[in-house]
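Per-entry structural report
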Amino acid sequence: VQLQASGGGLVQAGGSLRLSCATSGRTLSYYRMGWFRQAPGKEREFVAAISTGGVRTYYADSVKGRFTISRDLAKNTVYLQMNSLKPEDTAVYSCAAQFSDRGAYYTGTEYDYWGQGTQVTVSS
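Now for a look at the structure at hand. Every value quoted in this text rests on a predicted model; they were computed, and no experiment measured them. (Residues numbered from 1 in each chain as written. Predicted model: local features only at pLDDT ≥ 70, side-chain atom pairs only at ≥ 80, totals over all residues. Heavy atoms only, no water.)

**Quick notes on the sheet that holds strand 1 (residues 2-6)**
In plain terms, the rule: DSSP-based pairing: two strands are paired if at least 2 bridges between them are found. Helix and strand assignments follow DSSP, with helices taken as H or I runs no shorter than four residues and strands as E runs no shorter than two, numbered in order from the N terminus. Each axis is a line fitted through C-alpha atoms, taken for helices only over the stretch in contact, and angles between the N-to-C directions span 0 to 180 degrees.
One open sheet accounts for 4 strands, arranged 1-3-8-7; its pairing is antiparallel. Edge positions in the sheet fall to strand 1 and strand 7 (67-72), since each has one partner strand and no second. Ignoring strand direction, the axes of neighbouring strands in this sheet form an average angle of 15°. Bridge count for strand 3 (residues 17-24) against strand 8 (residues 77-82) is 6 bridges, and the pairing is antiparallel. Within strand 8, the residue paired with leucine 17 across the bridge is methionine 82.

**Considerations on the packing of aromatic side chains**
Selection rule: Only centres within 6.5 Å qualify two rings of Phe, Tyr or Trp (six-membered ring in Trp) as a pair; their planes then separate them into stacked at under 30 degrees, edge-to-face at over 60, and tilted for everything else. Burial here depends on accessible area, computed with a 1.4 Å probe over protein chains only, as a share of the maximum for the residue type. Under 20% is buried, over 50% is exposed, and the range in between is partly exposed. When the NZ atom of lysine or the CZ atom of arginine is within 6 Å of a ring's centre and also within 35 degrees of its normal, the charge is said to sit over that ring.
With the rule as written, the count across this model stands at 10 aromatic pairs. Plain terms: the ring middles of phenylalanine 36 and tyrosine 111 are 5.2 Å apart, the flat faces sit at 80° to each other, and that makes the pair edge-to-face. Pair noted here: phenylalanine 36 is in strand 4 (residues 31-38) and tyrosine 111 is in the loop between strand 9 (91-99) and strand 10 (113-114), with a separation of 75 residues, a long-range link. On the accessibility criterion, phenylalanine 36 (2% relative accessible area) is buried. Measuring from ring centre to ring centre gives 5.3 Å for phenylalanine 46 and tyrosine 105, while their planes differ by 65°; the resulting arrangement is edge-to-face. Separated by 59 residues along the polypeptide, phenylalanine 46 in strand 5 (residues 45-50) and tyrosine 105 in the loop between strand 9 and strand 10 bring together distant segments of the chain. Exposure remark for phenylalanine 46: the relative accessible area of 11% places this residue in the buried category. Given a relative accessible area of 25%, tyrosine 105 falls into the partly exposed group. What links up through ring pairs into an aromatic cluster is the set Phe36, Phe46, Tyr58, Tyr105, Tyr106, Tyr111 and Trp114. Positioned over the ring face of tyrosine 30 is arginine 26, at 4.9 Å from the centre of the ring. Here the basic side chain of arginine 44 rests over the ring of phenylalanine 36, its NZ or CZ set 5.9 Å away from the ring centre.

Okay, here's the thing in structure tokens:
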């Protein structure tokens, strides 16, 4: 499966952005989809994930209540709606796919496929 992330940009603190991750290949229903981010000088960290069935969602504590992950099977696309953005949300955001919920949702190394990142910059 191939992944393509888009939707990043520059936004003021308190603003919103919606990231998209378009996929090709097998339908999304085979994959748990995750979003991760990496800020300069920091390790990659888990942001959000959605299960193969689309019923379960998972969030890092730092984004809970502000970010929402969703998917559109017809478009084979996963979204990350980011509201109330903060300067500390500044990072390169990447989407990833894990076949069949087989591993930990919060561990990047458990994901099988990765898209290129999209830069999100939040100004104060």
